[in-house]
Amino acid sequence: MEKENVLILAIESSCDETAAAVVKNGREVLSNVISSQIALHTVYGGVVPEIASRKHIEKINQVIETALREAGTPLQDMDAIAVTYGPGLVGALLVGVSAAKAISFASGIPLIGVHHIEGHINANYIENKELEPPYLCLVVSGGHSHLVVVRDYGEYEIIGKTRDDAAGEAFDKVARAIGLGYPGGPKIDKAAREGDAEAISFPRAKVADAAYDFSFSGLKSAVLNYLNSCEMKGITVCQADVAASFQKAVVDVLVEHSMQAVREYGLNKFAIAGGVASNSALREALVRECGARKIEFYCPSPIFCTDNAAMIGTAAYYEYRKGVRHGFDLNAVPNLALGKCE
């Protein structure tokens, strides 16, 4: 007999956020605690893995205790302990995995390892209670740019991915080049609102042998070449125009590939996920294009786009229902491929 209410304590530490959450029945978030390291890494212009790992160790117990306290549920009421075990920074992942295994071992509560990108996709279920597979999802973050057909809970077909820089990585690099600093995504989004997106013509890359794959390194190089050219010619660079033109080049490609895939795969539901899914220009363009094609559009609130543990708890719920459990040999897998967790 299936349990009526399933409570999951989830832990996420794949990059520079130490997070814990308590999730009920996969779609009700009872607590979602995030300790961000952005201020710490801004000084270095990006995430320093060793510093991130050390900070996770300092914060993990406090974050877990706070999540349980805010949810008003004791640890012994949990049905499973979920944790991100890949992909991500290996040292950072190990902190979360070690904490989850220790709690599971001490309490006897089952352990479930979760794929980080699967978590991002599942974030859409938190606020969109009616959303169910199948649908197409665009996952765009600092490390990933994937077009994924979500066949069912836990069943994914990647039909497109980046060949080089992920979208978020390109945002960070361009932001640094034009003097906006880290983190690049939110800063370019803000600066672009003051700029002219048609001011500079940057390339929209296509991958000849894979219609849904992405490539952003050429675009990044085009921005750097433009900046160098302006410097050599003594031309003043308009930061806002560069930000807006670059952002539009990224958004155009993401939207074009997404709409082409929706049409070809005959799906009428489309979702976005990942940190770059917070980008206002991307959201506006997708709302417009999906509306024109009568496609249902879903997106998480910004707090569930960036790394968080609630999304891990949601993904773990569907694994729990299928009987997935992991042993204490669960390890961090920094390059874990998206698919069914073994």
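Every value quoted in this text rests on a predicted model; they were computed, and no experiment measured them.

Focus: the overall build of the chain
Turning to step 1, where the next piece is worked out: Broken down by element type, the chain carries twelve helices and ten strands.
Turning to step 2, where the next piece is worked out: Computed over its C-alpha atoms, the radius of gyration of the chain comes to 20 Å, within 12% of the 20 Å expected for a compact globule of 342 residues.
Turning to step 3, where the next piece is worked out: Principal axes of the C-alpha set define a box for the chain whose edges measure 70 × 45 × 35 Å.
Turning to step 4, where the next piece is worked out: Expressed as a percentage of its 342 residues, the buried residues of the chain come to 56%.
Turning to step 5, where the next piece is worked out: Nonlocal contacts in the chain, meaning residues at least 24 apart in sequence, comprise 73% of its contacts between residues at least 6 apart.
Turning to step 6, where the next piece is worked out: Of the roughly 14300 Å² of accessible surface on the chain, a fraction of 52% belongs to carbon and sulfur atoms.
Turning to step 7, where the next piece is worked out: Within the chain, the 41 negative side-chain charges are centred at a point lying 1 Å from the centre of the 32 positive side-chain charges.

Examining unusual backbone geometry
For residues that are not glycine, phi is negative in most cases, and the peptide bond is trans in most cases.
Turning to step 1, where the next piece is worked out: The omega torsion of the bond from G86 to P87 falls at -10°, within 30 degrees of zero and hence cis.
Turning to step 2, where the next piece is worked out: With an omega of 0°, the peptide bond running from Y182 to P183 counts as cis.
Turning to step 3, where the next piece is worked out: Among the structural elements, P183 can be located in the loop between helix 6 (167-177) and helix 7 (184-192).
Turning to step 4, where the next piece is worked out: Its identity as a non-glycine residue notwithstanding, N25 has a phi of 50°, on the positive side.
Turning to step 5, where the next piece is worked out: Inspection of the secondary structure assignment puts N25 in the loop between strand 2 (17-24) and strand 3 (28-36).
Turning to step 6, where the next piece is worked out: The residue K294 is not glycine, and still its phi comes out positive at about 60°.

Focus on the packing of helix 6 against helix 8 (residues 217-233)
Turning to step 1, where the next piece is worked out: One can describe the packing of helix 6 onto helix 8 by two numbers: an axis separation of 10 Å at closest approach and a directional angle of 5°. By the angle between their axes, helix 6 is roughly parallel relative to helix 8. Mapping the contact onto sequence places K173, V174 and A177 in helix 6 and K220, V223, L224 and L227 in helix 8.
Turning to step 2, where the next piece is worked out: Looking at the contact of helix 6 with helix 8 residue by residue, the classes come out as five nonpolar, no polar and two charged.

Thoughts on the sheet that holds strand 2
Turning to step 1, where the next piece is worked out: Strands sit in the order 3-2-1-4-5 across an open sheet of five strands; the sheet is mixed. The open sheet has two edge strands with one neighbour each: strand 3 and strand 5 (111-115). Across the sheet, the mean angle from the axis of one strand to that of its neighbour is 20°, orientation sign disregarded.
Turning to step 2, where the next piece is worked out: Sheet analysis places strand 1 (residues 7-12) next to strand 2, joined by six bridges and oriented antiparallel. Across the sheet, I11 pairs through a bridge with A20, a residue of strand 2.
Turning to step 3, where the next piece is worked out: The strands touched by helix 12 (residues 310-321) are strand 1, strand 2, strand 3, strand 4 (80-86) and strand 5; relative to strand 1, the strand with the most contacts, the crossing angle is about 130°.

Examining the sheet that holds strand 9 (residues 269-273)
Turning to step 1, where the next piece is worked out: Pairing is mixed across the open sheet formed by five strands, whose spatial order is 8-7-6-9-10. Of all the strands in the sheet, the pair left with one neighbour each is strand 8 (155-161) and strand 10 (296-298). Here the strands of the sheet are splayed against their neighbours by 25° on average, with no regard to which way each runs.
Turning to step 2, where the next piece is worked out: As paired strands, strand 7 (residues 145-152) and strand 8 are joined by six bridges and run antiparallel to one another.

Notes on helix 2 (residues 49-71)
Because an α-helix packs 3.6 residues into every turn, residues spaced three or four apart end up facing the same way.
Turning to step 1, where the next piece is worked out: The end-to-end C-alpha separation of helix 2 is 30 Å, in line with the 33 Å expected for 23 residues at 1.5 Å each.
Turning to step 2, where the next piece is worked out: Where helix 2 bends most, at K59, the angle is about 45°.
Turning to step 3, where the next piece is worked out: Of the residues making up helix 2, those classed as buried are I51, A52, S53, H56, I60, V63, I64, T66, A67, L68 and A71.
Turning to step 4, where the next piece is worked out: Looking at the buried side of helix 2, the elements it contacts are strand 1, strand 2, strand 3, helix 1 (38-42) and helix 3 (90-107).

Considering the packing of aromatic side chains
Turning to step 1, where the next piece is worked out: Throughout the structure, instances matching the rule amount to eleven aromatic pairs.
Turning to step 2, where the next piece is worked out: Where Y125 meets Y135, the ring centres are 6.2 Å apart and the plane angle is 85°; that geometry is what we call edge-to-face. Separated by ten residues along the polypeptide, Y125 in helix 5 (residues 124-127) and Y135 in strand 6 (residues 135-140) bring together distant segments of the chain. Across the pair, exposure class does not vary: Y125 and Y135 are buried alike.

Quick word on the nonpolar core
For soluble globular proteins, nonpolar side chains are generally found buried alongside one another.
Turning to step 1, where the next piece is worked out: Core analysis: the biggest nonpolar cluster contains 49 residues, and L136, L147, F216, F246 and F270 have the highest contact counts within it.
Turning to step 2, where the next piece is worked out: For this core, the secondary structure elements donating two or more residues are strand 6, strand 7, helix 6, helix 7, helix 8, helix 9 (239-265), strand 9 and helix 10 (280-292).
Turning to step 3, where the next piece is worked out: Element by element, the count of residues in this core is highest for helix 9, at 13 residues.
Turning to step 4, where the next piece is worked out: Counting residues in hydrophobic clusters, the runner-up holds 37 residues, among them V114, I126, V139 and F304.

Some remarks on the environment of L7
Turning to step 1, where the next piece is worked out: Within the secondary structure layout, L7 lies in strand 1.
Turning to step 2, where the next piece is worked out: Linking L7 and A123, residues 116 residues apart in sequence, is a C-alpha distance of 17 Å.
Turning to step 3, where the next piece is worked out: The contact partners of L7, leaving out residues within four places of it in the chain, are V22, V23, K24, L30, T73, D77, M78, D79 and A80.

Side note on the environment of E65
Turning to step 1, where the next piece is worked out: Inspection of the secondary structure puts E65 in helix 2.
Turning to step 2, where the next piece is worked out: Exposure remark for E65: the relative accessible area of 51% places this residue in the exposed category.
Turning to step 3, where the next piece is worked out: E65 sits 32 residues away from V33 along the chain, and the two C-alpha atoms are 9.7 Å apart.

Definitions and cut-offs
Residues numbered from 1 in each chain as written. Predicted model: local features only at pLDDT ≥ 70, side-chain atom pairs only at ≥ 80, totals over all residues. Heavy atoms only, no water. Helix = DSSP H or I, 4+ residues; strand = E, 2+ residues; numbered from the N terminus. Rg over C-alpha atoms; globule rule 2.2 N^0.38 Å. Buried < 20%, exposed > 50% of the residue type's maximum accessible area, 1.4 Å probe, protein only. Contact = heavy atoms within 4.5 Å. Areas by Shrake-Rupley, 256 points an atom, 1.4 Å probe, with all protein chains shown as cover. Lys, Arg positive; Asp, Glu negative; His and termini not counted. Charge placed at Lys NZ, Arg CZ, Asp CG, Glu CD. Axes fitted to C-alpha atoms, helices over the stretch in contact; angles between N-to-C directions. Parallel < 35°, antiparallel > 145°, perpendicular 65-115°, else oblique. Nonpolar A, V, L, I, M, F, W, Y, C, P; charged D, E, K, R; others polar. Pairing = 2+ DSSP bridges. Expected span 1.5 Å × (residues − 1). Bend = angle between axes of the 7 residues up to and from the residue. Phe/Tyr/Trp six-rings, centres within 6.5 Å; stacked < 30°, edge-to-face > 60°. Core = buried A, V, L, I, M, F, W, Y, C linked by side-chain atoms within 4.5 Å.

Everything listed is a geometric property; what it means functionally is a separate question.
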